[in-house]
Amino acid sequence: GMQGFVMNLRKPIFTDARVRQALTMALDFEWMNRQLFYGQYYRLDSYFSNSELGASYEPGSLPQGAEKRLLENLQKQFPKEFPSQALGPMLLPVSTAEPQSLRGNLREAKRLLAQAGWTYRDGALRNAQGQVFRFEIMEDGGAMGRVIAAYVRNLEKLGIQVDVRTTDFALYQKRIEEFDFDMTTTRFPDSQSPGNELWDRFGSQAAKEKGSDNVIGVQSPVVDALVAEITRAQNRDQLRTAARALDRVLWNSYYVVPQWYNPTHRVAFRKEMRYPEPPLYYQAEPWIMQNWWKEEGK
(Lines give C-alpha, C1' and ligand atoms only; values in the text may rest on other atoms or scores of the structure.)
Protein backbone atom coordinates (compact mmCIF):
# COMPACT_ATOMS: atom_id res chain seq x y z
CA GLY A 1 0.00 0.00 0.00
CA MET A 2 0.95 3.63 0.49
CA GLN A 3 1.79 5.67 3.57
CA GLY A 4 3.18 9.15 3.57
CA PHE A 5 2.91 12.84 4.30
CA VAL A 6 -0.35 13.73 2.55
CA MET A 7 -0.89 17.20 1.12
CA ASN A 8 -4.38 18.70 1.16
CA LEU A 9 -4.98 19.85 -2.43
CA ARG A 10 -7.83 22.06 -1.24
CA LYS A 11 -5.14 24.42 0.05
CA PRO A 12 -3.90 26.80 -2.68
CA ILE A 13 -0.27 26.33 -1.60
CA PHE A 14 -0.32 22.71 -2.84
CA THR A 15 -2.19 23.08 -6.14
CA ASP A 16 0.95 23.24 -8.31
CA ALA A 17 2.43 19.78 -9.01
CA ARG A 18 5.93 21.29 -9.13
CA VAL A 19 5.54 22.46 -5.53
CA ARG A 20 4.40 19.02 -4.47
CA GLN A 21 7.31 17.38 -6.27
CA ALA A 22 9.73 19.77 -4.55
CA LEU A 23 8.35 18.78 -1.15
CA THR A 24 8.97 15.10 -1.91
CA MET A 25 12.62 15.88 -2.63
CA ALA A 26 13.25 17.27 0.85
CA LEU A 27 12.69 13.95 2.64
CA ASP A 28 15.98 12.16 3.33
CA PHE A 29 14.82 8.59 3.87
CA GLU A 30 18.32 7.11 3.80
CA TRP A 31 19.41 9.33 6.71
CA MET A 32 16.26 8.49 8.67
CA ASN A 33 16.63 4.78 8.06
CA ARG A 34 20.24 4.88 9.18
CA GLN A 35 19.89 7.19 12.17
CA LEU A 36 16.35 6.55 13.42
CA PHE A 37 15.16 3.16 12.14
CA TYR A 38 18.30 1.01 12.53
CA GLY A 39 18.17 0.19 8.82
CA GLN A 40 14.99 -1.85 9.19
CA TYR A 41 12.73 -0.15 6.65
CA TYR A 42 12.25 -0.05 2.90
CA ARG A 43 11.06 2.98 0.94
CA LEU A 44 7.59 2.82 -0.54
CA ASP A 45 7.75 3.10 -4.32
CA SER A 46 4.10 2.69 -5.36
CA TYR A 47 0.50 3.04 -4.24
CA PHE A 48 0.47 -0.77 -4.51
CA SER A 49 3.95 -1.36 -3.08
CA ASN A 50 5.25 -4.92 -2.89
CA SER A 51 2.45 -6.10 -5.19
CA GLU A 52 2.03 -7.18 -8.81
CA LEU A 53 -0.55 -4.39 -9.14
CA GLY A 54 2.12 -1.70 -8.72
CA ALA A 55 3.85 -0.10 -11.70
CA SER A 56 7.11 -0.46 -9.75
CA TYR A 57 7.13 -4.24 -10.27
CA GLU A 58 10.54 -3.64 -11.86
CA PRO A 59 12.78 -0.53 -11.71
CA GLY A 60 12.10 1.94 -14.50
CA SER A 61 9.22 -0.08 -15.95
CA LEU A 62 7.48 1.41 -18.98
CA PRO A 63 3.78 1.01 -19.75
CA GLN A 64 3.27 -1.71 -22.34
CA GLY A 65 0.44 -3.06 -24.43
CA ALA A 66 -3.03 -2.47 -23.05
CA GLU A 67 -1.70 -0.30 -20.23
CA LYS A 68 0.08 2.00 -22.66
CA ARG A 69 -3.00 2.28 -24.89
CA LEU A 70 -5.16 3.09 -21.88
CA LEU A 71 -2.85 5.87 -20.75
CA GLU A 72 -2.43 7.30 -24.25
CA ASN A 73 -6.22 7.49 -24.70
CA LEU A 74 -6.56 9.33 -21.41
CA GLN A 75 -3.80 11.73 -22.40
CA LYS A 76 -5.74 12.57 -25.56
CA GLN A 77 -9.01 13.02 -23.66
CA PHE A 78 -7.59 15.07 -20.77
CA PRO A 79 -4.31 16.67 -21.95
CA LYS A 80 -4.30 19.34 -19.23
CA GLU A 81 -4.99 16.97 -16.34
CA PHE A 82 -2.79 14.11 -17.48
CA PRO A 83 0.70 13.96 -15.87
CA SER A 84 2.94 13.49 -18.91
CA GLN A 85 5.55 11.60 -16.89
CA ALA A 86 3.04 8.78 -16.42
CA LEU A 87 3.96 7.48 -19.89
CA GLY A 88 7.65 7.42 -19.04
CA PRO A 89 9.69 5.08 -16.82
CA MET A 90 8.27 4.43 -13.36
CA LEU A 91 10.73 6.38 -11.26
CA LEU A 92 11.93 5.28 -7.86
CA PRO A 93 11.49 7.68 -4.91
CA VAL A 94 14.12 10.38 -4.66
CA SER A 95 17.18 9.13 -2.79
CA THR A 96 20.29 10.51 -1.11
CA ALA A 97 22.33 7.38 -1.81
CA GLU A 98 25.39 8.01 -3.98
CA PRO A 99 25.70 9.49 -6.54
CA GLN A 100 22.69 11.52 -5.36
CA SER A 101 22.76 13.69 -2.26
CA LEU A 102 20.45 15.78 -0.13
CA ARG A 103 22.19 18.91 -1.37
CA GLY A 104 21.54 17.94 -4.98
CA ASN A 105 17.92 17.08 -4.23
CA LEU A 106 17.34 20.40 -2.49
CA ARG A 107 18.88 22.25 -5.45
CA GLU A 108 16.39 20.52 -7.74
CA ALA A 109 13.58 21.33 -5.31
CA LYS A 110 14.65 24.98 -5.34
CA ARG A 111 14.51 24.99 -9.15
CA LEU A 112 11.02 23.49 -9.19
CA LEU A 113 9.77 25.98 -6.60
CA ALA A 114 11.19 28.86 -8.65
CA GLN A 115 9.34 27.58 -11.73
CA ALA A 116 6.16 27.60 -9.66
CA GLY A 117 6.77 31.22 -8.61
CA TRP A 118 8.39 30.69 -5.20
CA THR A 119 11.80 32.28 -4.61
CA TYR A 120 13.91 32.93 -1.53
CA ARG A 121 14.14 36.56 -0.42
CA ASP A 122 13.97 38.53 2.82
CA GLY A 123 14.65 35.43 4.89
CA ALA A 124 11.90 33.18 3.53
CA LEU A 125 10.49 31.50 0.45
CA ARG A 126 7.96 33.89 -1.06
CA ASN A 127 5.69 34.21 -4.07
CA ALA A 128 5.31 37.26 -6.31
CA GLN A 129 2.91 38.86 -3.80
CA GLY A 130 5.45 38.48 -1.01
CA GLN A 131 3.49 35.80 0.82
CA VAL A 132 5.62 33.36 2.80
CA PHE A 133 5.47 29.64 1.97
CA ARG A 134 4.15 28.34 5.27
CA PHE A 135 2.04 25.36 6.25
CA GLU A 136 1.16 23.13 9.19
CA ILE A 137 1.89 19.43 9.72
CA MET A 138 -0.77 17.90 11.98
CA GLU A 139 -0.29 14.69 13.97
CA ASP A 140 -2.34 12.90 16.62
CA GLY A 141 0.54 11.82 18.86
CA GLY A 142 4.25 12.11 19.50
CA ALA A 143 5.38 8.92 17.75
CA MET A 144 6.33 10.72 14.53
CA GLY A 145 8.08 13.60 16.28
CA ARG A 146 11.63 12.61 15.34
CA VAL A 147 10.67 11.96 11.73
CA ILE A 148 8.80 15.24 11.35
CA ALA A 149 11.66 17.18 12.93
CA ALA A 150 14.14 15.73 10.43
CA TYR A 151 11.85 16.51 7.50
CA VAL A 152 11.12 20.04 8.72
CA ARG A 153 14.84 20.72 9.07
CA ASN A 154 15.31 20.06 5.35
CA LEU A 155 12.25 22.10 4.38
CA GLU A 156 13.65 25.04 6.33
CA LYS A 157 16.78 24.92 4.17
CA LEU A 158 14.51 25.82 1.25
CA GLY A 159 13.09 28.78 3.17
CA ILE A 160 9.81 27.01 3.94
CA GLN A 161 8.25 27.66 7.33
CA VAL A 162 6.48 24.71 8.97
CA ASP A 163 4.31 24.66 12.08
CA VAL A 164 3.95 21.26 13.78
CA ARG A 165 0.65 20.72 15.57
CA THR A 166 0.09 17.71 17.85
CA THR A 167 -3.54 17.17 18.87
CA ASP A 168 -5.56 14.57 20.75
CA PHE A 169 -7.15 11.92 18.55
CA ALA A 170 -10.70 13.28 18.79
CA LEU A 171 -9.69 16.73 17.51
CA TYR A 172 -7.40 15.17 14.92
CA GLN A 173 -10.23 13.01 13.57
CA LYS A 174 -12.63 15.95 13.44
CA ARG A 175 -10.15 18.09 11.52
CA ILE A 176 -9.45 15.27 9.07
CA GLU A 177 -13.18 14.73 8.48
CA GLU A 178 -13.61 18.47 7.90
CA PHE A 179 -10.50 18.53 5.65
CA ASP A 180 -9.15 21.21 8.01
CA PHE A 181 -5.44 20.51 7.65
CA ASP A 182 -2.46 21.26 5.44
CA MET A 183 -0.35 18.12 5.73
CA THR A 184 -0.59 14.97 7.81
CA THR A 185 0.50 11.34 7.81
CA THR A 186 -1.95 8.89 6.28
CA ARG A 187 -1.83 5.21 5.42
CA PHE A 188 -4.01 3.87 2.64
CA PRO A 189 -4.86 0.23 3.38
CA ASP A 190 -3.55 -2.17 0.78
CA SER A 191 -5.55 -4.82 -1.05
CA GLN A 192 -4.75 -7.53 -3.58
CA SER A 193 -8.13 -6.89 -5.24
CA PRO A 194 -8.87 -3.13 -5.13
CA GLY A 195 -12.32 -2.01 -6.20
CA ASN A 196 -15.13 0.34 -5.18
CA GLU A 197 -13.25 1.65 -2.14
CA LEU A 198 -11.07 3.61 -4.58
CA TRP A 199 -14.02 5.88 -5.41
CA ASP A 200 -14.08 7.02 -1.79
CA ARG A 201 -10.31 7.30 -1.64
CA PHE A 202 -9.51 9.06 -4.93
CA GLY A 203 -12.83 9.90 -6.63
CA SER A 204 -13.66 13.51 -7.49
CA GLN A 205 -17.10 13.35 -5.90
CA ALA A 206 -15.67 12.05 -2.61
CA ALA A 207 -13.30 15.03 -2.46
CA LYS A 208 -16.36 17.24 -1.91
CA GLU A 209 -17.93 15.05 0.77
CA LYS A 210 -16.72 15.73 4.30
CA GLY A 211 -15.75 12.58 6.14
CA SER A 212 -14.79 10.73 2.98
CA ASP A 213 -11.52 8.85 2.58
CA ASN A 214 -10.34 11.31 -0.10
CA VAL A 215 -8.35 13.36 2.38
CA ILE A 216 -5.94 14.42 -0.37
CA GLY A 217 -8.71 16.15 -2.30
CA VAL A 218 -7.99 14.43 -5.63
CA GLN A 219 -10.33 15.76 -8.33
CA SER A 220 -9.03 14.39 -11.59
CA PRO A 221 -10.98 13.05 -14.58
CA VAL A 222 -7.96 10.87 -15.37
CA VAL A 223 -8.04 9.25 -11.93
CA ASP A 224 -11.84 8.86 -12.13
CA ALA A 225 -11.53 7.09 -15.48
CA LEU A 226 -8.89 4.69 -14.15
CA VAL A 227 -10.87 3.89 -11.00
CA ALA A 228 -13.80 3.09 -13.31
CA GLU A 229 -11.54 0.76 -15.30
CA ILE A 230 -10.54 -1.05 -12.11
CA THR A 231 -14.10 -1.49 -10.87
CA ARG A 232 -15.33 -2.95 -14.17
CA ALA A 233 -12.35 -5.24 -14.76
CA GLN A 234 -13.55 -8.71 -15.77
CA ASN A 235 -10.37 -10.63 -15.03
CA ARG A 236 -7.03 -10.38 -13.28
CA ASP A 237 -5.17 -9.13 -16.35
CA GLN A 238 -7.57 -6.22 -16.80
CA LEU A 239 -7.36 -5.40 -13.10
CA ARG A 240 -3.56 -5.45 -13.18
CA THR A 241 -3.47 -3.23 -16.28
CA ALA A 242 -5.81 -0.61 -14.82
CA ALA A 243 -4.18 -0.67 -11.36
CA ARG A 244 -0.70 -0.12 -12.80
CA ALA A 245 -1.98 2.74 -14.96
CA LEU A 246 -3.62 4.34 -11.91
CA ASP A 247 -0.41 3.85 -9.96
CA ARG A 248 1.58 5.74 -12.60
CA VAL A 249 -0.86 8.65 -12.64
CA LEU A 250 -1.04 8.97 -8.84
CA TRP A 251 2.72 8.57 -8.41
CA ASN A 252 3.55 11.24 -10.99
CA SER A 253 0.98 13.66 -9.56
CA TYR A 254 3.01 13.91 -6.31
CA TYR A 255 0.04 13.93 -3.96
CA VAL A 256 2.01 12.20 -1.18
CA VAL A 257 5.57 12.29 0.16
CA PRO A 258 6.12 8.50 0.30
CA GLN A 259 7.33 7.05 3.57
CA TRP A 260 8.37 3.45 4.27
CA TYR A 261 7.33 -0.05 5.23
CA ASN A 262 8.74 -2.97 7.21
CA PRO A 263 9.06 -6.12 5.08
CA THR A 264 8.94 -8.45 8.09
CA HIS A 265 6.70 -9.24 11.08
CA ARG A 266 8.52 -9.62 14.39
CA VAL A 267 7.17 -12.25 16.74
CA ALA A 268 8.43 -13.33 20.18
CA PHE A 269 7.33 -16.82 21.22
CA ARG A 270 8.19 -19.67 23.56
CA LYS A 271 10.33 -22.40 22.02
CA GLU A 272 7.71 -25.11 22.61
CA MET A 273 5.22 -23.28 20.38
CA ARG A 274 4.84 -24.36 16.76
CA TYR A 275 3.05 -22.90 13.75
CA PRO A 276 2.45 -23.98 10.13
CA GLU A 277 4.21 -22.38 7.18
CA PRO A 278 2.20 -19.25 6.33
CA PRO A 279 0.69 -18.75 2.86
CA LEU A 280 1.99 -16.17 0.40
CA TYR A 281 -0.53 -13.52 1.53
CA TYR A 282 -1.87 -13.37 5.05
CA GLN A 283 -2.55 -11.04 7.98
CA ALA A 284 0.11 -11.60 10.60
CA GLU A 285 -1.95 -10.96 13.74
CA PRO A 286 -4.87 -13.33 12.99
CA TRP A 287 -2.42 -15.96 11.74
CA ILE A 288 -0.43 -15.81 14.95
CA MET A 289 -3.49 -15.90 17.21
CA GLN A 290 -5.31 -18.70 15.40
CA ASN A 291 -2.67 -21.12 14.18
CA TRP A 292 -0.20 -21.79 16.98
CA TRP A 293 -0.05 -25.02 18.96
CA LYS A 294 2.02 -26.33 21.82
CA GLU A 295 4.23 -29.27 21.01
CA GLU A 296 3.46 -32.30 23.18
CA GLY A 297 5.98 -33.12 25.85
CA LYS A 298 7.34 -29.55 25.96
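Rules behind the numbers
Residues numbered from 1 in each chain as written. Predicted model: local features only at pLDDT ≥ 70, side-chain atom pairs only at ≥ 80, totals over all residues. Heavy atoms only, no water. Patch = residues over 30% accessible without salt bridge, like charges linked within 9 Å, V, L, I, M, F, W, Y side chains within 5 Å. Areas by Shrake-Rupley, 256 points an atom, 1.4 Å probe, with all protein chains shown as cover. Salt bridge = Lys/Arg side-chain N within 4 Å of Asp/Glu carboxyl O. Helix = DSSP H or I, 4+ residues; strand = E, 2+ residues; numbered from the N terminus. Pairing = 2+ DSSP bridges. Axes fitted to C-alpha atoms, helices over the stretch in contact; angles between N-to-C directions. Contact = heavy atoms within 4.5 Å. Buried < 20%, exposed > 50% of the residue type's maximum accessible area, 1.4 Å probe, protein only. Core = buried A, V, L, I, M, F, W, Y, C linked by side-chain atoms within 4.5 Å. Phe/Tyr/Trp six-rings, centres within 6.5 Å; stacked < 30°, edge-to-face > 60°. Lys NZ or Arg CZ within 6 Å of the ring centre and 35° of its normal. Parallel < 35°, antiparallel > 145°, perpendicular 65-115°, else oblique. Left-handed = near helix turned anticlockwise from the far one by under 90°.

Honestly, a nonpolar patch on the surface in this entry has me stumped. Any pointers?
Taken together, the side chains of V267, F269 and Y275 make up a nonpolar region of the molecular surface, amounting to roughly 270 Å² of accessible area. By the element assignment, F269 lies in the loop between β9 (260-261) and β10 (273-274).

Sorry, what's going on with the sheet that holds strand β1 (residues 2-7) here?
Strand pairs in the sheet, formed through backbone hydrogen bonds, run parallel or antiparallel to each other. With mixed pairing, the five strands of this open sheet are ordered in space as β6-β5-β7-β1-β8. Strands at the two margins of the open sheet, each flanked by one partner only, are β6 (161-166) and β8 (256-258). On average, each strand axis in the sheet is inclined to that of its neighbour by 35°, with strand direction left out of account. Here helix α6 (residues 169-177) sits on the sheet and contacts β5 (134-139), β6 and β7 (183-188); the angle it forms with β5, its principal contact strand, is near 125°.

It is not clear to me how the environment of L27 should be interpreted in this structure. Could you clarify?
Here L27 lies in the loop between α1 (17-24) and α2 (29-35). Judged by relative accessible area, L27 falls into the buried class, the value being 1%. For the pair L27 and R153, spaced 126 residues apart in the sequence, the C-alpha separation amounts to 9.6 Å. For L27, the residues in contact, after removing those within four places along its chain, are F5, M32, R43, Y151, V257, P258 and W260.

Even after reading the chapter, I still don't get the nonpolar core, so can you show me in this structure?
Taken as a class, soluble globular proteins show a tendency for nonpolar side chains to be buried jointly. One finds Y151, I160 and I216 to be the most contacted residues of the largest nonpolar core, which totals 77 residues. When residues no more than four places from it in sequence are discounted, the contact partners of I216 are V6, M7, N8, L9, R10, F188, F202, Y255 and V256.

When you look at the side chain of T186 in this model, what are you seeing that I'm missing?
With respect to the secondary-structure elements, T186 resides in strand β7. When neighbours within four sequence positions are excluded, T186 is seen to be in contact with M2, Q3, G4, V6 and V215.

Before we go on, may I ask you to explain the pattern of salt bridges in this structure?
A side chain of one charge can pair with a side chain of the opposite charge if their charged atoms are brought near each other. All chains considered together, the criterion is met by 17 salt bridges. The salt bridge partner of R236 is E52, with a shortest N-O separation of 2.8 Å. Remark: E52 occurs in the loop between β2 (42-43) and α3 (65-77) and R236 occurs in helix α9 (residues 236-251); sequence separation between them is 184 residues. For R236, a relative accessible area of 29% corresponds to the partly exposed category. Exposure remark for E52: the relative accessible area of 30% places this residue in the partly exposed category. One continuous salt-bridge network, built from bridges that share partners, spans E52, R236, D237 and R240.

What is the right way to read the packing of aromatic side chains from this model?
Two aromatic rings, taken as a pair, are described by how far apart their centres are and by the angle between their planes. In this structure the tally under the stated criterion is 13 aromatic pairs. Relative to F135, the ring of F14 lies with its centre 5.5 Å away and its plane at 70°, an arrangement referred to as edge-to-face. Taken together, the positions of F14 in the loop between β1 and α1 and F135 in strand β5 put the pair 121 residues apart, joining distant regions of the chain. By the burial criterion, F14 is buried, and F135 matches it. Considering the side-chain rings of F37 and Y41, the 5.0 Å spacing of their centres and the 75° angle between planes classify their relative orientation as edge-to-face. By relative accessible area, Y41 is classed as partly exposed at 25%. Three or more aromatic residues joined by ring pairs form one cluster here, namely F14, W118, F133 and F135. Over the ring of F179 we find R10; its NZ or CZ atom is 3.5 Å from the centre of that ring. One Lys or Arg, R244, reaches over the ring of Y57 and ends 3.8 Å from the middle of that ring.

Any chance you could explain the packing of α1 against helix α4 (residues 102-115) here in plain terms?
Close contact between α1 and α4 brings their axes to 8 Å; oriented N to C, the two are set at 165°. The angle between the axes of α1 and α4 places the two elements in the roughly antiparallel class. Crossing of α1 against α4: the hand is left-handed. Facing α1, whose interface residues are R18, V19, Q21 and A22, α4 presents A109, L112, L113 and Q115.

Help me understand the pairing of β7, please; the structure alone is not making it clear to me.
Strand residues, when the strand is regular, have side chains that alternate between the two faces of the sheet. For β7, the tally of buried residues reaches five of six residues, placing the bulk of the element in the interior. Of the strand pairs in this sheet, β1 and β7 are connected by six bridges, and their pairing is antiparallel. In the sheet register, M2 faces β7, and the bridge partner there is F188. With two bridges connecting them, β5 and β7 associate as parallel partners. Bridging across to β7, I137 finds its partner in M183.

Function-wise, these values are silent; they only describe arrangement.
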